[in-house]
Amino acid sequence: MATSTSHSTGENFSNTAADASSSASKITVNRQRFNSWALLFLFSTLSLTAHETDDSNANAGANKLVTAVTSISMIFSLLASLGHLGIAGLSALFVGTLIEGLLALITLALWAGCLPVVMDPRKGLAQMYVGKQSDEVIDYQPIISNANLYFCSWGAAVCVLSVFALYVRERLGGGSGGGHTGMGYTNLWYLLGLASVVVVIEGMRFKNQVCSIDGGAETATCGRNTYGLVTGIIGLVLSVVISLFSTFGKDSALVTTVSSFLCAILYTICAGLLTFDKGPATYVGNQYLAAWSGFFLSFSIFGSVVKEFMGAAGGGSGGGGGGGNDVADEEENEMDTI
């Protein structure tokens, strides 16, 4: 009878510890999401201010779009921040519910539609084309023309992506410490996917807007742009697949290691070809920053997964003694209870 009672006590203690761990993990995820919502409000406010105070804006349609998206983003992020703070009884109604997910999805969709417009050099909102006259080639390249709008728009986009990723992870149970390999660097895969999207978009834009016109760029420059476009596509596919598997807890250390190593090699060449000599991104702009972001992120992921993989192997070799000690301690506790 005493033995049965001790086992019941041990099970209750184990369940209580698991519930406490899950609760602590959920609180951490909610705090991270609150921080992202609050930063989204800040970046949206700054983006709206930077856009409205820029006298060079001449595209009426683009101006209205940016004003509308930044204003809606401000309102949504403010409501979300208040909900996470528990003000006006919004916490139970909002935090972790479908309402928060829908709000995050709508905001993400708005920025996904607005950001390419903001970054289009032809519209002159955050970037513009400049040219270097060289013989019969003008060598057009985009550069940042409104730094506040440029960086704050990217800050808002990263924040809303972080909010949505954290929400999806919590809904799928990923935030409760499932213990699978990739949760420590899933966000890095999301960021690498974002950098790859930018490389692809800017590569297509340069191809269509510069390489397609006579004297827009040298043949070597357009060839380097094509390599960057291919690298961006490969990086995007790999980052989306790996991040989804990681979110669902189905990631593989071997596949992740090989994928991150491949991305590191591709982006090393990509950053070199795009940003040096006759590359299409020798000036600071989207393509320049995205190429180097892909370089640093891919190496960061590769280093993290190798470190984690080696740590797991080391823990496995020394785990037998620790496991034996845990069992001995548990048996001793049960004897004390009896």
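Our structure is the block above this text.
Quick summary incoming for the structure in this document. Keep in mind the model is a prediction, meaning the values are calculated, not measured. (Residues numbered from 1 in each chain as written. Predicted model: local features only at pLDDT ≥ 70, side-chain atom pairs only at ≥ 80, totals over all residues. Heavy atoms only, no water.)

The subject of this paragraph is the overall build of the protein. Counting secondary structure elements, the protein contains nine helices and two strands. Order of helices (α) and strands (β) in the protein, N terminus to C terminus: α-α-α-α-β-β-α-α-α-α-α. By the burial criterion, 40% of the 338 residues in the protein qualify as buried. Put simply, 75% of the contacts in the protein that link residues at least 6 apart link residues at least 24 apart. Roughly 16800 Å² of accessible area belongs to the protein as shown, and the carbon and sulfur atoms make up 66% of that amount. (Helix = DSSP H or I, 4+ residues; strand = E, 2+ residues; numbered from the N terminus. Buried < 20%, exposed > 50% of the residue type's maximum accessible area, 1.4 Å probe, protein only. Contact = heavy atoms within 4.5 Å. Areas by Shrake-Rupley, 256 points an atom, 1.4 Å probe, with all protein chains shown as cover.)

This next bit is on the pattern of salt bridges. This model, assessed by the stated rule, comprises eight salt bridges. A salt bridge links Asp120 to Lys123, with the nearest nitrogen and oxygen atoms 3.4 Å apart. Given a relative accessible area of 29%, Lys123 falls into the partly exposed group. One salt bridge in this structure joins Glu202 and Arg205, with 3.0 Å as the shortest N-O distance. Linking Glu202 with Arg205, this pair stays in helix H6 (residues 186–211), spanning three residues, or about one helical turn. Salt bridges sharing partners connect three or more residues here, namely Asp120, Arg122, Lys123, Glu202 and Arg205. (Salt bridge = Lys/Arg side-chain N within 4 Å of Asp/Glu carboxyl O.)

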